[in-house]
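# Topology and contacts: notes
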Amino acid sequence: MKNPIAYLIVLGGLWFLASCQPKATPEEYNAKAAEPERYHQCVKQLTDVIIHDIFSPPVASRIYGYATLAGYEALVPGQPGYESLAGKLRKFTAPPKPEPGLEYCFPLASTRAFLTVSRNLTFSGDMFDKFEKDFYEQYKEIGVPEKVIERSMAYGEAVAKHIMEFAGKDSYKQTRGFKHTVTNAEGTWVPTPPAYMEAAEPKWMQIRCWVMDTCSQFMPPEAAPYDMTKGSPFYKLVDEVYQLGIHQTEEQRRTAFFWDDNAFVMNVAGHVSYASKKMTPGGHWLAIAATIARQQKADFAKSVQAYTLTSFAVADGFISCWDEKYRSNRIRPETVINKYIDPKWTPYLQTPPFPEYTSGHSVISAAAAEVLTLLYGDNVAFTDSTEHPYGHGVRSFKSFRDAAIEASYSRLYGGIHFRDALELGNTQGRKVGEYVIEKLAKKDAVVATR
């Protein structure tokens, strides 16, 4: 502009117009910040990182547990009716409180706490870099003042620090590096093809429980004794898996593949082998929680609550299940069928690397289903497209318990579990879920409105 005076007048006018623009009030920007889709995005990002980093199902459940706890605790001060879980989770103490009299955006603090813990407990921090940069820009765009953003994020980080200190005392570090002793005794677990991997997490039962009193609190009945005499209870279990493998229907194959949730599948083609990465069972159930939250139009707080309680049920489910797995140390169907019935028989799904009894899918699915049933009601029909991006299709269910039962029997159809591991595992998981509800929901630890 040739005239400098006119240029200054234009600049001054623009400044005046900008200063006259109405700024978002706390009520306005907090309402926008509390759009539940923001939290769903964070959980999805964590799941993507967990898949990329190939965490085993038990370890993934631990990550989800601490991340969702952080997100919940950082939200609680701004949510009337919701209470801290301090004193309700085992050995969990109250996190820092926000400074009184200052303005916070607690939904932002919640996502900051969740993502900070997620980053700390995973390997691929670079996968969070761009996501977080773009994600936090949203809060400026909806009008959250810069000081409030800084204060809220700092509060989320303080809560995350407290959660990480809590996580550091759960015996996880002390259980690293242990190997399961393979005895080769009749009826006991041995590594299975094609990768013949070592048994995963043989000391997981020593991880601090979340809600349960002890890892063996919901110990299932003893597994059917190993006996390959024709007509024995165990032989009948083995023969059922074998016959299903031979005469498997297309629907049974679809069911098995849909619920595979094997974090690391080794594919072998001739002399070439490569690994496929997939979602863990816990990640699948958190994705179901997201599906239902969207379907039921659950608000931010209830969505956070559902993720948190479901995570605890899944995490305690794994601890309870792994306690039994390494106590009974039962052989997998593939091993016994190849040895005594048909050396060429292979299961439809790849056998995961740990003992058979009880079924992890059965335990954690039943536990998660009980929590979601409490929060959203029984007979809530839904369509699960969680693993459609991984080529596993879409399935519909009449209720959460209906889905849990199908997840359980998928392991029989896949040829990797015996029937009693499914049915007794389902009962075991249901008890875990009921206990989480009893301790955290029925005593006003959280809001369980439908």
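Residues numbered from 1 in each chain as written. Predicted model: local features only at pLDDT ≥ 70, side-chain atom pairs only at ≥ 80, totals over all residues. Heavy atoms only, no water.

### Observations concerning the overall build of the protein
- On a plain count of helices and strands, the protein comes out with 15 helices and four strands.
- Taken over 450 residues, the protein has a buried fraction of 56%.
- For the protein, contacts bridging at least 24 residues in sequence account for 80% of all contacts bridging at least 6.
- Carbon and sulfur atoms make up 55% of the accessible area of the protein, which totals about 19800 Å².
- Once the 50 positive and 51 negative side-chain charges of the protein are each reduced to a mean point, those two points are 2 Å apart. (Helix = DSSP H or I, 4+ residues; strand = E, 2+ residues; numbered from the N terminus. Buried < 20%, exposed > 50% of the residue type's maximum accessible area, 1.4 Å probe, protein only. Contact = heavy atoms within 4.5 Å. Areas by Shrake-Rupley, 256 points an atom, 1.4 Å probe, with all protein chains shown as cover. Lys, Arg positive; Asp, Glu negative; His and termini not counted. Charge placed at Lys NZ, Arg CZ, Asp CG, Glu CD.)

### Looking at the confidence of the model for the protein
- With 90% of its residues at a pLDDT of at least 70, the protein reaches an overall mean of 92.
- Below pLDDT 50 for its whole length, residues 7-22 participates in two contacts with residues either more than four positions away or in separate chains.
- Confidence over residues 443-449 falls short of pLDDT 50; this stretch has 24 contacts with residues more than four positions distant or in other chains. (pLDDT = per-residue confidence, 0-100.)

### Observations concerning the packing of helix α10 (residues 281-295) against helix α11 (residues 300-328)
- Packing of α10 against α11 leaves a shortest axis separation of 10 Å and a crossing angle of 155°. Classed by the angle they form, the pair α10 and α11 counts as roughly antiparallel. For the element pair α10 and α11, the recorded crossing hand is right-handed. Seen from α10, the contacting residues are Pro-281, Gly-282, Trp-285, Leu-286, Ala-289, Ala-290 and Ala-293; seen from α11, they are Ser-303, Tyr-307, Thr-310, Ser-311, Val-314 and Phe-318. (Axes fitted to C-alpha atoms, helices over the stretch in contact; angles between N-to-C directions. Parallel < 35°, antiparallel > 145°, perpendicular 65-115°, else oblique. Left-handed = near helix turned anticlockwise from the far one by under 90°.)

### Remarks on helix α7 (residues 146-167)
- Between its first and last C-alpha atoms α7 spans 31 Å; for 22 residues at 1.5 Å apiece the expected length is 32 Å, and the two agree.
- Val-148, Ile-149, Ser-152, Met-153, Tyr-155, Gly-156, Val-159, Ala-160, His-162, Ile-163, Phe-166 and Ala-167 are the residues of α7 that are buried.
- Taken together, the buried residues of α7 touch α2 (26-33), α4 (57-75), α5 (106-121) and α6 (126-141). (Expected span 1.5 Å × (residues − 1).)

### So, the packing of aromatic side chains
- In the structure shown here, the tally under the stated rule is 28 aromatic pairs.
- Consider the rings of Phe-106 and Tyr-155, whose centres lie 6.2 Å apart with planes at 90°: the pair is edge-to-face. Linking Phe-106 in helix α5 with Tyr-155 in helix α7, this pair joins segments that are 49 residues apart in sequence.
- Judged by relative accessible area, which is 15%, Phe-106 ranks as buried. (Phe/Tyr/Trp six-rings, centres within 6.5 Å; stacked < 30°, edge-to-face > 60°.)

### Examining unusual backbone geometry
- Between Pro-193 and Pro-194 the backbone carries a cis peptide bond, its omega angle lying at 5°.
- Structurally, the position occupied by Pro-194 is in the loop between α7 and α8 (233-246).
- Thr-358 follows Tyr-357 through a cis peptide bond whose omega is -5°.
- Summarising the element assignment, Thr-358 is placed in the loop between α12 (333-340) and α13 (360-376).
- Positive phi, close to 75°, is recorded for Ser-171, a residue that is not glycine.
- With respect to the helices and strands, Ser-171 occurs in the loop between α7 and α8.
- Positioned with a positive phi, Asn-379 is a non-glycine residue whose angle comes to about 55°.
- Mapped onto the elements, Asn-379 comes out in the loop between α13 and β3 (382-384).

### Some words on the pattern of salt bridges
- If you walk through the whole model with that rule in mind, you get 28 salt bridges.
- In this structure, Arg-112 and Glu-157 form a salt bridge, with 2.6 Å as the shortest nitrogen-oxygen distance. Residue Arg-112 is located in helix α5, and its partner Glu-157 is located in helix α7; the two are separated by 45 residues in the primary sequence.
- With a relative accessible area of 32%, Glu-157 lands in the partly exposed category.
- Among the ionic pairs, Glu-251 bridges to Arg-395, the shortest N-O distance being 2.6 Å. Of the two residues, Glu-251 is situated in helix α9 (residues 250-258) and Arg-395 in strand β4 (residues 395-397); the sequence distance between them amounts to 144 residues.
- Residue Glu-251 is classed as partly exposed on the basis of its relative accessible area of 37%. (Salt bridge = Lys/Arg side-chain N within 4 Å of Asp/Glu carboxyl O.)

### Quick notes on the packing of helix α3 (residues 36-53) against α10
- In contact at an axis separation of 11 Å, α3 and α10 are set at 165° when each is read in the N-to-C sense. Our classification of the angle between α3 and α10 gives roughly antiparallel. In terms of crossing hand, the pair formed by α3 and α10 is left-handed. For the pair formed by α3 and α10, the contact residues are Glu-37, His-40 and Val-43 on the first element and Leu-286, Ala-290, Ala-293 and Arg-294 on the second.

### Digging into empty space enclosed by the protein
- Per the stated rule, a full pass over the model turns up one cavity of 30 Å³ or more.
- One number sums up the size of the largest cavity: a volume of about 70 Å³.
- For the lining of the largest cavity, the class distribution of residues is eight nonpolar, four polar and no charged. (1 Å grid on protein atoms, 1.4 Å probe; cavity = no way out; pocket = protein on both sides within 12 Å on 5 of 7 lines; lining within 4 Å. Points joined across faces, edges and corners; volume = space filled by probe spheres on them. Nonpolar A, V, L, I, M, F, W, Y, C, P; charged D, E, K, R; others polar.)

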